[in-house]
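Spelled out from the first residue to the last, the chains are:
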Amino acid sequence: MGRAQLLLLDDLGIESLYASGGAALGGMQSLMLSALAPERVQRVVSISAAACSHPQSIAMRFVQRQAVMADPDWREGRYYGKSFPHKGLRVAREMGTLTYRSGPEWMERFGRQRSGSEPPRLDEDFQVESYLAYQGDKFCLQYDPNSYLNISKAKVLFDLRDAVEAANHGARSQDSASISVIQAPTLVIGVKSDILFPVWQQRELAQLLEQARVPVSYVELDSPYGHDTFLIEIDAVGEALRNHLGA
């Protein structure tokens with residue numbers, strides 16, 4: 001993905017980026033871009049990402065992909081013009097939504113409120129269940145299942161140290177030394193309530209960069225919105241970005 005982005009920049013005639021930034025996979029890509037072409041990236045922003053995907057994240061994404069592939073309409077990816085694995089993709093998105101927010105927010109937002117007064121149902125009975133179903137159905141109207149599967153796999157395969165070593169033609173180095181090819185001042189933002197990329201992973205990333213003598217700033221947000229904080233806490237995230245990008 002990083003190499004494809006560099007080819008696009010070449011085609012557009014863009015030699016240098018003022019900044020490369022993103023959240024989750026976007027944060028991983030920004031780090032990778034600055035490692036592949038350190039002379040072309042002046043600043044880096046990594047929000048709610050990590051130096052690599054850890055076992056919990058790998059496991060979560062595995063189950064999500066299994067949900068899509070278990071849908072008979074997936075047809076091993078050959079569903080175009082024939083069917084659409086709506087049920088599988090919907091369940092995968094519902095599971096993903098669980099990891100984007102935090103328990104305290106669910107309690108404050110939905111509590112144990114039921115969706116109606118009818119007898120208990122096995123499907124959408126509580127309001128939080130109806131919300132998950134809505135998010136799942138909405139996602140199916142916007143996203144291609146095969147794209148979902150491949151992007152999910154890209155996230156779990158990412159390991160900044162291994163990727164840098166591969167880009168350097170297998171010249172393996174010790175510990176975090178391989179990350180030292182990154183030259184750009186880097187901002188790492190973590191969120192205390194994030195369960196998809198727990199905050200210790202952002203601390204780990206910042207520490208690895210610091211050990212590799214990469215100029216790094218670390219900001220930790222205390223928000224109840226979990227992984228989606230970067231979409232909601234615009235003022236707090238924006239302030240950190242302004243401070244970094246204006247430096």
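Here, every reference points to the structure presented above.
Here the structure is a predicted model, which means the values were calculated and not measured.

1. Observations regarding the packing of aromatic side chains
Line of reasoning, step 1. According to the stated counting rule, one finds 8 aromatic pairs in the structure shown.
Line of reasoning, step 2. Ring centres of Y79 and Y80 lie 4.4 Å apart, and the angle between their planes is 35 degrees; on these two criteria the pair is classed as tilted.
Line of reasoning, step 3. Taking 6.3 Å as the distance between ring centres and 75 degrees as the angle between the ring planes, the aromatic pair formed by Y79 and F84 counts as edge-to-face.
Line of reasoning, step 4. Take Y79: its relative accessible area is 2%, and that puts it in the buried class.
Line of reasoning, step 5. An aromatic cluster is built from Y79, Y80 and F84, whose rings are joined through pairwise contacts.
Line of reasoning, step 6. The ring of Y131 carries R109 above its face, with NZ or CZ at 4.5 Å from the centroid.
Line of reasoning, step 7. The residue whose ring lies beneath R114 is F126, and the NZ or CZ to ring-centre distance is 5.7 Å.

2. Overview of the environment of R93
Line of reasoning, step 1. As for its position among the elements, R93 is in helix 4 (residues 86–100).
Line of reasoning, step 2. Separated by 125 residues in sequence, R93 and Y218 place their C-alpha atoms 30 Å apart.
Line of reasoning, step 3. R93 has contacts with Y100, Q135, G136, F139 and Y148, leaving out every residue within four places of it along the chain.

3. Comments concerning the packing of helix 3 (residues 55–70) against helix 7 (residues 145–157)
Line of reasoning, step 1. Contact geometry of helix 3 with helix 7 gives a least axis separation of 10 Å together with a crossing angle of 160 degrees. In terms of orientation, helix 3 and helix 7 fall into the roughly antiparallel class. Like other packed secondary-structure pairs, helix 3 and helix 7 cross with a definite hand, here left-handed. Residues S57, I58, R61, Q64, R65, V68 and M69 of helix 3 form the contact with helix 7, whose participating residues are P145, Y148, L149, S152, K153, K155 and V156.
Line of reasoning, step 2. The residue inventory of the contact of helix 3 with helix 7, partitioned by class, reads 7 nonpolar, 3 polar and 4 charged.

4. A word on the sheet that holds strand 3 (residues 186–191)
Line of reasoning, step 1. Read from one edge to the other, the open sheet built from 4 strands follows the order 1-2-3-4, with strand pairing classed as parallel. Strands with a single pairing partner mark the edges of an open sheet, and in this sheet they are strand 1 (20–23) and strand 4 (216–221). Between one strand axis and the next, the sheet turns through 10 degrees on average, direction left out of account.
Line of reasoning, step 2. Sheet topology places strand 2 (residues 44–47) next to strand 3; 4 bridges connect them, and they run parallel. By the bridge assignment for strand 3, V45 is matched with L187.
Line of reasoning, step 3. Contacts between helix 2 (residues 25–36) and the sheet are confined to strand 1, strand 2 and strand 3, with strand 1 contributing the most and set at about 155 degrees to the helix.
Line of reasoning, step 4. This element, helix 11 (residues 234–245), spans strand 2, strand 3 and strand 4 of the sheet and lies at about 165 degrees to strand 3.

Thresholds, definitions, all that
- Residues numbered from 1 in each chain as written.
- Predicted model: local features only at pLDDT ≥ 70, side-chain atom pairs only at ≥ 80, totals over all residues.
- Heavy atoms only, no water.
- Phe/Tyr/Trp six-rings, centres within 6.5 Å; stacked < 30°, edge-to-face > 60°.
- Buried < 20%, exposed > 50% of the residue type's maximum accessible area, 1.4 Å probe, protein only.
- Lys NZ or Arg CZ within 6 Å of the ring centre and 35° of its normal.
- Helix = DSSP H or I, 4+ residues; strand = E, 2+ residues; numbered from the N terminus.
- Contact = heavy atoms within 4.5 Å.
- Axes fitted to C-alpha atoms, helices over the stretch in contact; angles between N-to-C directions.
- Parallel < 35°, antiparallel > 145°, perpendicular 65-115°, else oblique.
- Left-handed = near helix turned anticlockwise from the far one by under 90°.
- Nonpolar A, V, L, I, M, F, W, Y, C, P; charged D, E, K, R; others polar.
- Pairing = 2+ DSSP bridges.

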